[in-house]
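Structural features, examined
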Amino acid sequence: MKISVLKDRKLRIGVQALFIYTWLANLVGTDSFLTVYLLCALTGVLCLWDNENSRMDLALWVRMLIWLLSGLFALATVVANYPLFEPVTALISLFNGGCALLGGFFVAANILICAIRRLPLKERQLTKERKYAVPAFFLFSGAIAAVFLLYLFTTGYPVYLAHDSIVSLDQIREGVYSNHHPYWYTRFIELCMDLGYLFSSDVNVAAAVYSGVQCVIMAVCFGYCLVTLYQAGVPRWCIAVVFALFAFLPYNLTYSITMWKDTLFGGCSLAVVTALYRILKQIGKCRWLNFAVFALSGVGFCVVRNNGFPVFLVWTAFLLIFLGRKHWKLLLICLLVLILGWFLTGPALDMLDVESTEMVEILAVPFQQIARVIAEDLPIGEEDMAFLKKVFWIDRVKELYTPYIVDPIKFEAMRPDGEVFLKQNMGAFIRTWARLGLQYPGEYVKAWVEETKGYWNGGYYYWIYIRGTYPDISGIGGFHPDNLGKDLFDALFRYTEKPVILEPLYSIGLQVWAIISCCFVCFAQKRKEFLIAIPMVVLTAVLWVMTPVYAEFRYAYPMFVTCPLILLTTVFSGSARDDC
Amino acid sequence: MTEFLKKRPKTLAFGQLIFIYCWLSNLQKTDSRMSVYLLCAVIGVLCLCDNYRQRISLSRRNAVWLGIFAGLFSFATLLANYALFEPIAAVLSLFNGGCSFLGGFSIGYNVLLWMMHRLPLEANAPNRLHPGRVFALVVLSIGAIDLLYLFFALYPGVLTRDSFSTVAQIMGDGAYNNTMPFWHTVTVQPFIRLGLKLFGDMNAAVALFHSAQILFMAVCFGTVVVTLYQLGLPTAALLAVYAVYAFMPYNIVYSVTLWKDVPFSGAAVLFAVGFYRLLKNVGKYRWINYMTFVVGALGFSLWRTNGWYAFLVTVLVMLLILGKKQKKLLLIMCAVLILCWVLINPVLDAMGVGGTNLVEAFAVPMQQVARVVANERPLTGEETALLSEIFWLDKVGQLYDPQTVDPVKFETFRYDKTGHIMDNLGQYLRLYLSLGAKYPEDYLKAWVEETKGYWNGGYEFWLYTLNMGGAGYGIARSGGDNILARLFASAFRLMNEPEAMKIFSSVGLYVWGLIGCCAINVLKRREEFLLTIAPLVLVVGLWLGTPVFCEFRYAYPVILTMPLILCTTLYRTKE
């Protein structure tokens with residue numbers, strides 16, 4: 001950190017450490033995970049000390065970007081905790097806020113500078129030491145699959161169902177499909193269950209086959225990532241830690257047998273990102289296999305979740321800009337994946353008469369902003385109010401507005417014909433939304449913060465997974481006799497969820513910060529690895545703009561599964577740095 | 001294992017960092033001030049980094065001592081937060097407790113190790129030729145700030161219930177008692193009488209005393225600053241010390257509060273400064289140092305009931321340590337000790353001044369027994385009978401407050417039975433010990449709850465009051481509605497409310513600092529450790545007999561002497 005007014009090294013360390021302390025002290029009353037801030041601060045202090053002891057001149061554009069990102073980090077932590085700094089205009093709030101902003105800035109800036117200076121840690125030859133890739137892959141995948149299947153048959157048989165899964169099952173039962181829950185994913189469930197029905201007429205068996213298939217797919221994806229780290233020369237203890245995270249963390253275990261698009265989407269995300277890394281770093285003897293995995297998981301990425309396709313599109317644009325002709329094969333495959341993805345999520349669905357997604361799904365944030373203005377009883381112009389009355393039951397909006405989730409507004413405060421009216425008058429809606437925003441910018445910012453903060457700040461206590469099947473509705477019932485395996489898994493869940501020191505493993509915001517930081521560090525070092533983080537960054541940005549819930553873990557699941565790969569490939573490099 | 005770690009310093013450092021994170025994480029739901037732990041952790045990590053870089057090696061003896069102090073620090077933080085680690089026998093609690101203990105240990109050890117290795121820094125500021133001017137400047141500026149506060153914001157000052165008791169004795173028919181120390185009442189008396197004679201107004205009389213107290217406190221602060229100035233401390237450090245004395249709200253408010261604790265703390269400062277100046281031959285005029293020392297020692301012994309006992313222990317420790325060195329100094333201390341003994345025993349007896357009630361010293365045992373009763377532990381018939389003699393037992397369960405003995409003392413203790421305790425002291429002592437043997441956990445928890453404010457972090461508890469604790473004698477608050485008063489109020493908010501600033505009023509942090517400075521000076525065989533003895537004796541007294549878990553004014557002497565102790569530990573004059 002170059003601060004010309006502070007020439008003395010000790011003084012610089014002291015001042016920055018003081019502000020970091022102030023940042024932490026001001027955040028003590030936060031409603032998010034304090035442990036995440038603690039971790040950041042301690043890392044920040046460590047990096048501060050390291051930076052001050054061996055300095056490095058950075059290019060101006062890198063410095064500017066560091067300042068920008070650090071400023072955003074500090075702002076994020078302060079804005080997400082705005083109630084701690086209210087009333088915002090009070091002298092004491094300004095003092096506290098100013099100190100906290102500086103402290104947060106120093107934390108992030110020091111970490112980024114240190115990362116740019118120090119990373120990658122080791123550069124190993126790929127082929128000499130790590131030549132048992134195929135056995136390693138089978139070992140990793142097999143072990144993880146065994147753990148998942150053991151969990152399935154001892155604890156979670158035959159499957160875990162969420163409300164969304166029951167809707168998908170209803171569609172399968174009735175044969176009438178909609179794309180609200182992605183059509184191709186619903187058909188995948190149907191395929192698996194049909195496979196199950198070949199063995200037995202019991203719906204539980206059919207559901208268990210789905211779970212089993214999903215367990216194996218996820219295990220393969222995790223194994224693929226692990227073997228890539230192995231081949232990239234990442235130290236063995238790191239691989240062991242990642243293996244433990246994949247195999248034993250409660251959310252990976254439960255998600256592996258939950259009938260959710262998000263699980264498979266997570267798996268596809270990991271596979272496609274890993275494949276790209278292998279292609280870029282030329283890992284593995286069979287290059288065609290890397291391309292094949294990239295193509296297959298790319299298509300999965302596009303069709304398993306509705307926002308997958310646009311994210312892949314943006315990613316392709318990045319690849320096109322930063323890779324150039326040298327990687328023409330990869331770009332060609334991207335193009336093919338895009339075409340296939342577009343066809344499957346567009347024309348094919350039209351041909352199959354599949355009902356498309358409701359438009360209101362993407363209007364969560366504007367809905368919440370307008371709802372907040374209404375709920376706060378702020379004066380609204382007659383014209384705007386008249387328009388809003390055609391979309392919402394105003395009294396219900398006041399009553400039901402919940403800052404962290406749009407569902408009460410979307411499902412209970414919207415008039416039955418509101419959605420149709422909205423579709424027909426989208427321009428007027430945007431104008432009303434913009435007018436109210438100009439009138440009450442503070443409320444809009446607060447509504448946005450409350451609705452999205454889970455994806456850009458620390459971590460929050462919110463539900464992570466479901467362990468049940470709604471047997472009365474779904475007809476699928478779990479039967480879990482007490483057994484040693486169940487007891488062991490229950491103990492595992494207790495010991496990995498209860499200790500506060502493990503909170504960072506459940507923090508969405510921390511994973512997001514880590515991914516963005518890794519992306520930036522690689523970019524600043526002109527390492528191609530930054531490209532593997534791009535889809536996760538774009539996915540996160542999508543959540544910032546239109547998430548319906550403030551900290552829904554499953555929405556961020558792709559970040560959790562890809563974070564170890566992104567982090568370790570930033571920290572360790574499989575080969576010498578090469579320019580883009 | 002030790003060899004394995006010695007060969008892998010990086011692994012050891014990272015391990016410590018992780019444990020520090022565990023310590024902080026597990027303490028995040030603490031009922032004490034998190035900011036204190038955060039500060040310790042940040043400093044701990046910086047020290048850890050520096051120690052790692054320097055690869056410091058210590059003698060076995062020093063390493064063991066540092067380990068003991070670090071272990072005590074870590075244990076204190078866990079013990080004070082025992083509720084976070086319950087049920088203690090659960091695997092998860094043991095895991096969390098173990099990791100946290102190692103984290104706290106790492107912090108304590110690294111900070112002390114760094115201090116051992118790096119301190120004292122060289123205080124090398126030449127041209128410190130104007131101590132007189134600096135002293136005058138400090139005294140006048142602090143005096144001016146406090147006087148402005150007195151006359152424009154809080155006229156005629158703060159009088160609590162205790163203060164009114166003192167005033168009542170002065171204004172009464174000459175019936176004094178020693179509950180509010182007699183010699184403090186006698187010190188206040190001339191100012192009140194003179195004020196009444198000069199102005200004919202009780203408020204003016206009280207304000208006159210407060211003005212004198214302001215001047216006295218300003219002189220105390222001035223002597224510290226000028227001593228540090230003469231030692232050659234960097235200007236930034238001097239300014240920081242000055243700012244703490246001049247601007248910290250509790251210093252300003254206390255200087256206009258009629259409490260024994262204020263002059264007593266000032267005397268503690270004078271005693272420490274005088275001692276240090278004599279020890280290190282600071283200043284040209286040795287007689288001034290002697291005067292400072294004697295005035296400090298007299299005030300320290302007379303202005304608080306437990307002051308003389310603390311002074312006695314201090315003198316004994318000094319005698320043991322100094323032996324034949326500093327004969328003159330020790331002689332003076334013994335003389336003061338004897339003089340004060342005469343003043344607070346035969347003289348008071350001759351004047352018919354009533355003594356303090358003995359039960360005042362039994363706060364902790366009372367709380368321990370009360371906790372056993374409140375938790376409805378089985379008692380034998382004999383135990384119940386003995387306790388019923390001195391307590392209204394049925395009220396104890398209802399009124400027991402873990403953090404203060406007052407409800408038990410004032411509402412369930414039968415004051416008329418104090419003599420009964422003295423007559424059956426052996427029996428009651430056996431009862432106390434047998435209950436402790438039967439319910440050690442209750443005893444330990446009662447002690448922790450009653451004293452933790454003086455050995456762990458910091459707690460939210462009142463620091464000072466701006467309200468009048470009573471009425472009478474024509475004393476009434478006036479003014480206070482002007483721009484200056486509003487300015488003071490804003491400044492106080494700005495210095496009291498930010499979480500980051502709360503470390504300045506965290507008693508436990510000061511106590512840790514005191515013990516740390518003492519330990520380092522002892523291990524480095526520096527005479528400066530002698531400065532810490534008197535405050536340490538006071539702190540230990542609080543650990544054994546405090547009636548309230550975190551009363552700031554009780555620890556005020558430690559708060560005021562810490563700048564001197566810390567600075568003399570951090571710096572030494574360049575030879």
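Residues numbered from 1 in each chain as written. Chains lettered and ligands numbered in written order. Predicted model: local features only at pLDDT ≥ 70, side-chain atom pairs only at ≥ 80, totals over all residues. Heavy atoms only, no water.

1. Re the overall build of chain B
Of regular secondary structure, chain B possesses 27 helices and two strands. The C-alpha atoms of chain B give a radius of gyration of 25 Å, which matches the 25 Å a tight globule of 575 residues would have. Referenced to the eigenvectors of the C-alpha coordinate spread, the extents of chain B come out at roughly 80 × 75 × 55 Å. Out of the 575 residues belonging to chain B, those deemed buried represent 55%. Summarising the internal contacts of chain B: among those between residues at least 6 apart in sequence, 80% fall at separations of at least 24. Entry remark: accessible area of chain B is about 24,500 Å², with carbon and sulfur atoms responsible for 66%. (Helix = DSSP H or I, 4+ residues; strand = E, 2+ residues; numbered from the N terminus. Rg over C-alpha atoms; globule rule 2.2 N^0.38 Å. Buried < 20%, exposed > 50% of the residue type's maximum accessible area, 1.4 Å probe, protein only. Contact = heavy atoms within 4.5 Å. Areas by Shrake-Rupley, 256 points an atom, 1.4 Å probe, with all protein chains shown as cover.)

2. Quick look at the overall build of chain A
Counting its regular elements, chain A contains 28 helices and zero strands. In summary, chain A has a C-alpha radius of gyration of 25 Å against a globular reference of 25 Å for 580 residues, a match within 12%. Looking at the 580 residues of chain A, the share that counts as buried comes to 59%. Summed over its atoms, the accessible surface of chain A is roughly 24,100 Å², and 66% of this surface lies on carbon and sulfur atoms. Distance between charge centres in chain A, computed from 47 positive and 44 negative side chains, equals 15 Å. (Lys, Arg positive; Asp, Glu negative; His and termini not counted. Charge placed at Lys NZ, Arg CZ, Asp CG, Glu CD.)

3. Topic: the packing of aromatic side chains
Tallied over the entire structure, the rule returns 83 aromatic pairs over all chains. The interplanar angle of 70° and the centroid separation of 4.7 Å between the aromatic rings of Phe73 of chain A and Trp513 of chain A together place this pair among those described as edge-to-face. Separated by 440 residues along the polypeptide, Phe73 of chain A in helix H3 (residues 60–80) and Trp513 of chain A in helix H26 (residues 508–524) bring together distant segments of the chain. For Trp513 of chain A, a relative accessible area of 11% corresponds to the buried category. Each ring, one from Phe275 of chain B and one from Phe293 of chain B, has its centre 6.2 Å from the other, and the planes form 35°; the classification is tilted. Here Phe293 of chain B lies in helix H13 (residues 286–302) and Phe275 of chain B lies in helix H12 (residues 261–280), a separation of 18 residues in the sequence. Of the two residues, Phe275 of chain B and Phe293 of chain B, neither departs from the other in class, the shared state being buried. Through successive ring pairs, a cluster of aromatic residues spans Tyr251, Tyr255, Trp260, Trp463, Tyr506, Phe553, Tyr557 and Phe560 of chain A. Across from the ring centre of Trp393 of chain A, 4.4 Å away, lies the NZ or CZ of Arg415 of chain A, which sits over that ring. Sitting over the face of the ring of Tyr52 of chain B, Arg55 of chain B holds its NZ or CZ atom 4.5 Å from the ring centroid. (Phe/Tyr/Trp six-rings, centres within 6.5 Å; stacked < 30°, edge-to-face > 60°. Lys NZ or Arg CZ within 6 Å of the ring centre and 35° of its normal.)

4. Some points on the pattern of salt bridges
Counted under the stated rule, the structure contains 41 salt bridges over all chains. Here Arg12 of chain A ties to Glu52 of chain A by a salt bridge, and the two come within 2.8 Å at their closest N and O atoms. With Arg12 of chain A in helix H1 (residues 9–26) and Glu52 of chain A in helix H2 (residues 34–53), this pair connects stretches of sequence that are 40 residues apart. Of the two residues, Arg12 of chain A and Glu52 of chain A, both sit in the buried class. Residues Arg486 of chain B and Asp481 of chain B are paired through a salt bridge, measuring 3.4 Å at the closest nitrogen-oxygen approach. (Salt bridge = Lys/Arg side-chain N within 4 Å of Asp/Glu carboxyl O.)

5. So, helix H17 (residues 363–374) of chain B
All names here are of chain B. Taking 1.5 Å per residue as the helical rise, H17 with its 12 residues ought to reach 16 Å, and the 16 Å between its terminal C-alpha atoms agrees with that figure. Among the 12 residues that make up H17, 10 are buried, leaving the element largely enclosed by the rest of the structure. What H17 keeps buried is the set Ala363, Val364, Met366, Gln367, Gln368, Val369, Ala370, Arg371, Val372 and Val373. A positive backbone phi angle near 55° is found at Glu376, which sits one or two residues after H17. (Expected span 1.5 Å × (residues − 1).)

6. What to know about the nonpolar core
Counting residues in each nonpolar core, the largest one holds 211 residues, and the members touching the most others are Trp23, Phe294 and Phe312 of chain A together with Trp23 of chain B. Here the element with the most residues in this core is helix H9 (residues 203–231) of chain A; it accounts for 14 residues. Apart from the residues lying within four places of it in its own chain, the contact partners of Phe312 of chain A are Val272, Phe294, Gly298, Phe301, Cys302, Cys334, Val337 and Leu338 of chain A. Among the nonpolar cores identified, the runner-up in size contains 119 residues, and Tyr276, Tyr290, Val539 and Leu560 of chain B belong to it. (Core = buried A, V, L, I, M, F, W, Y, C linked by side-chain atoms within 4.5 Å.)

7. Structural notes on empty space enclosed by the protein
All names here are of chain B. Throughout the structure, instances matching the rule amount to three cavities of 30 Å³ or more. Of the volumes computed, that of the largest cavity is approximately 100 Å³. Considering the residues around the largest cavity, the lining is formed by 15 residues, among which Phe271, Ala272, Leu531, Ala534 and Pro535 are closest to the centre. Only H12, helix H26 (533–545) and helix H27 (556–570) provide two or more residues apiece to the lining of the largest cavity. Of the residues belonging to the lining of the largest cavity, the class tally is 14 nonpolar, one polar and no charged. (1 Å grid on protein atoms, 1.4 Å probe; cavity = no way out; pocket = protein on both sides within 12 Å on 5 of 7 lines; lining within 4 Å. Points joined across faces, edges and corners; volume = space filled by probe spheres on them. Nonpolar A, V, L, I, M, F, W, Y, C, P; charged D, E, K, R; others polar.)

8. Considerations on the interface of chain A and chain B
Across the boundary between the two partners, chain A contributes 28 residues, which contact 31 residues of chain B. At the boundary of chain A with chain B, total buried surface from both sides reaches about 2,900 Å², with 80% on carbon and sulfur atoms. By the criterion of area lost to chain B, the three top residues of chain A are Tyr21, Leu42 and Trp49 of chain A, representing 26% of everything that side buries. Run the count over chain A and chain B and you get zero salt bridges. Our count for the contact surface shared by chain A and chain B stands at three residue pairs in polar contact (both at pLDDT 80 or more). Residue assignment for the side of chain A that touches chain B shows that the elements contributing at least two residues are H1, H2 and helix H4 (91–118) of chain A. Examining the composition of the side of chain A that touches chain B, we find that nine residues originate from one element, H2 of chain A, more than from any other. Here the side of chain A that touches chain B is built from residues that sort into 21 nonpolar, four polar and three charged. (Buried area = accessible area lost by both parts, 1.4 Å probe. Polar contact = N/O pair within 3.5 Å; in protein donor to acceptor, adjacent residues only side chain to side chain.)

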